[in-house]
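This is what each chain is made of:
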Amino acid sequence: MTVRARRSELATPASNEWMFAKAAASGADLVFLDLEDAVAPAQREAARGKAAAALRDLDWGRTVRAIRMNAVDTRWAHADVIEVVTQAREALDVIIVPKVRSARDVWWVDVLLTQLEEVLGLQKRIALEVLIEETEGLQNVAEITRASDRLEAVVFGAGDFSASQGARVDTNFDPVVDYPGDMWHYARARIVVAARAAGIDAIDAPFPAYRDPEAYRTACDRAAAMGYVGKWAIHPSQVGPANEAFAPTHDEIAHARKVVAAYREAEATGRGATGLDGMLVDAAHLRLADNITRRAELLGL
Ligand code: GLV
Ligand code: MG
């Protein structure tokens, strides 16, 4: 499995060509051209060709190129995959599968991709991400996250999830009453635990209130604290805050390196624990520090 940076995943409707150049230059770790809910149903077929052309023809730099297909129980799903993969070929890195309910939804896309890759003679394997945004999907999240070795990330879709659960939320998917804590903590916790257990990434939900960068940043920081490695961006202005929030800071990296050095020094003298600045350092601290140094390396920091 390819390990990629996914601090920011920028959504762009595949029907709106005028937005493509800005998306490609946004600095997002991943951009997905959306064939699903940001596109009017009557435009969804025409959007496939527009997405494929943009993936092929624009300069995406180091941005991962993705599409979001329609859900596997819709009439668009199979042609979304066949048309975009056939036209974009190696210019497509990732397909995001929405509204996944069970492992077999993932197998369906995996099998179709395997056939297409063989027929087209593709040199590269296309990876998958799934959205958990149905209550049934959350119930099955452990099987879903292990359903295919193409699967690299699972995304929390708070909008559809609110609808699926029958929650009463505002347009930013926040509760309409003063609710203590995070109403979506249960879903967020289950998703990140399932993702980590399967060795894949967890990505936090879209945040529609794009004129409120401070609240977005807070949401990023909270997700990062739980182990999420990125968040959706529904506007290019959200890319910068996400890229910053999901990267370890200089201080965190410096401290992690000190922890590793202190632990190694203790280990060399036959001890499994030591002290650093008045704080115990043992093997658990080493794992935490390793997480930070590995992320710093992945992000080139
Ligand atoms: C994303 O697709 C969502 O429903 O939040
Ligand atoms: Mg959705």
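Keep in mind that what you see is a predicted model, and the values were worked out from it rather than measured.

> So what exactly am I meant to see when it comes to the packing of helix α11 (residues 250-268) against helix α12 (residues 283-298) here?
Two quantities define a packed helix pair, namely the angle between the axes and the distance from one axis to the other. The interhelical angle for the contact between α11 and α12, taken along N-to-C directions, is 135°, at an axis separation of 9 Å. By the angle between their directions, the pair α11 and α12 is classed as oblique. Seen from above, α11 lies across α12 with left-handed handedness. Contact residues: E252, I253, A256, R257, V259, V260, Y263 and R264 in α11; A283, H285, L286, A289, D290, I292, T293 and A296 in α12.

> Help me out: how do you make sense of the UniProt feature "domain: HpcH/HpaI aldolase/citrate lyase" (unreviewed entry) in the protein chain in this one?
According to UniProt, the "domain: HpcH/HpaI aldolase/citrate lyase" (unreviewed entry) feature falls on residues 12-236. Helix and strand shares over residues 12-236 are 42% and 16% respectively, and the end C-alpha atoms of the span are 9 Å apart.

> Could you clarify how one ought to interpret unusual backbone geometry in this entry?
Both trends apply: most residues other than glycine have a negative phi, and most peptide bonds are in trans. With a phi close to 65°, F173 is a non-glycine residue in the positive phi region. Its location among the elements puts F173 in the loop between α7 (158-165) and α8 (185-198). Relative accessible area serves as the criterion here: at 18%, F173 is assigned to the buried category. Located in the positive-phi region is D277, a residue other than glycine, with phi close to 50°. Looking at where D277 falls in the secondary structure, it is placed in the loop between β9 (274-276) and β10 (279-281).

> Would you mind showing me how to read the environment of R89 here?
Secondary-structure assignment places R89 in the loop between α3 (77-88) and β4 (94-97). Its relative accessible area of 31% is what places R89 among the partly exposed residues. Separated by 95 residues in the primary sequence, R89 and W184 place their C-alpha atoms 37 Å from one another. In contact with R89, other than residues within four places in its own chain, are V84, L120, G121 and L122. Within the local environment of R89, its side chain forms a polar contact with the backbone oxygen of L120, the two atoms lying 2.9 Å apart.

> Looking at this model, I keep getting lost on the nonpolar core. Mind explaining?
Across soluble globular proteins, you tend to see nonpolar side chains buried next to one another. In terms of nonpolar packing, the biggest core is built from 71 residues, with L33, I67, V85, L92, I95 and F156 touching the most fellow members. Among the elements that line this core, the one with the most residues is helix α4 (residues 103-120), at seven residues. Setting aside anything within four residues of it in sequence, one finds I67 in contact with F32, L33, L35, A51, L55, V84, L92, V94, I95 and I96. Of all hydrophobic cores here, the second largest spans 13 residues; its members include L30, A66, A127 and L131.

> What is the right way to look at the site of ligand 1 in this model?
As a structural note, the neighbourhood of ligand 1 is formed by R68, E133, G157, A158, G159, D160, P206 and W232. Take A158: an N or O atom from its main chain is 3.2 Å from an oxygen atom of ligand 1. With the chains in place, 90% of the 190 Å² that ligand 1 exposes on its own is no longer accessible. With three residues, the top contributor of residues to the shell around ligand 1 is α7. Across the shell around ligand 1, the residue classes break down as three nonpolar, two polar and three charged.

> Can you help me understand helix α9 (residues 213-226) in this one?
Because the α-helix completes a turn every 3.6 residues, residues three or four places apart line up on one side. Between its terminal C-alpha atoms α9 stretches 20 Å, which fits the 20 Å expected from 14 residues at 1.5 Å a residue. Restricting attention to buried positions, one finds in α9 the residues Y216, A219, C220 and A223. Buried positions in α9, seen along its axis, are confined to an arc of 100° and lie on one side of it. Exposed and facing more than 90 degrees away from the buried side of α9 are E214, R222 and A225. Downstream of α9 by a residue or two, G227 has a phi angle that is positive, lying close to 115°.

> Looking at this structure, how should I read the coordination of the magnesium ion (ligand 2)?
Where a metal carries four tetrahedral donors, each ideal angle is 109.5 degrees; where it carries six octahedral donors, the ideal angles are 90 or 180 degrees. For the magnesium ion (ligand 2), every protein donor is listed as E133 (OE) and D160 (OD), and the spread of their distances is 2.0 to 2.1 Å. Placement of the pair is E133 in the loop between β5 (127-132) and α5 (135-139) and D160 in helix α7, with a sequence separation of 27 residues.

> When you look at the side chain of D110 in this model, what are you seeing that I'm missing?
Following the sequence through the fold, D110 ends up in helix α4. With a relative accessible area of 14%, D110 lands in the buried category. Excluding residues within four positions of it along the chain, D110 makes contact with S148 and R150.

> Is there a simple way to think about the pairing of β4 in this case?
Going residue by residue along β4, you find V94 and I96 tucked away on one face and I95 and V97 tucked away on the opposite face as well. Sheet topology places strand β3 (residues 64-68) next to β4; three bridges connect them, and they run parallel. Looking across to β4, one finds that A66 is bridged to V94. With respect to chirality, the unit in which β3 leads through α3 into the neighbouring parallel β4 is right-handed. With four bridges connecting them, β4 and β5 associate as parallel partners. Of the residues in β5, the one forming a bridge with V97 is V130.

Procedures and definitions
- Residues numbered from 1 in each chain as written.
- Chains lettered and ligands numbered in written order.
- Predicted model: local features only at pLDDT ≥ 70, side-chain atom pairs only at ≥ 80, totals over all residues.
- Heavy atoms only, no water.
- Axes fitted to C-alpha atoms, helices over the stretch in contact; angles between N-to-C directions.
- Helix = DSSP H or I, 4+ residues; strand = E, 2+ residues; numbered from the N terminus.
- Parallel < 35°, antiparallel > 145°, perpendicular 65-115°, else oblique.
- Left-handed = near helix turned anticlockwise from the far one by under 90°.
- Contact = heavy atoms within 4.5 Å.
- UniProt positions renumbered as here; feature names shortened; annotations may be inferred.
- Buried < 20%, exposed > 50% of the residue type's maximum accessible area, 1.4 Å probe, protein only.
- Polar contact = N/O pair within 3.5 Å; in protein donor to acceptor, adjacent residues only side chain to side chain.
- Core = buried A, V, L, I, M, F, W, Y, C linked by side-chain atoms within 4.5 Å.
- Near = heavy atom within 4 Å.
- Areas by Shrake-Rupley, 256 points an atom, 1.4 Å probe, with all protein chains shown as cover.
- Nonpolar A, V, L, I, M, F, W, Y, C, P; charged D, E, K, R; others polar.
- Expected span 1.5 Å × (residues − 1).
- Arc of directions from axis to C-beta.
- Donors = N, O, S within 2.8 Å, 3.2 Å for Na, K, Ca; no water.
- Pairing = 2+ DSSP bridges.
- Right-handed = clockwise from strand over helix to strand, strands pointing away.

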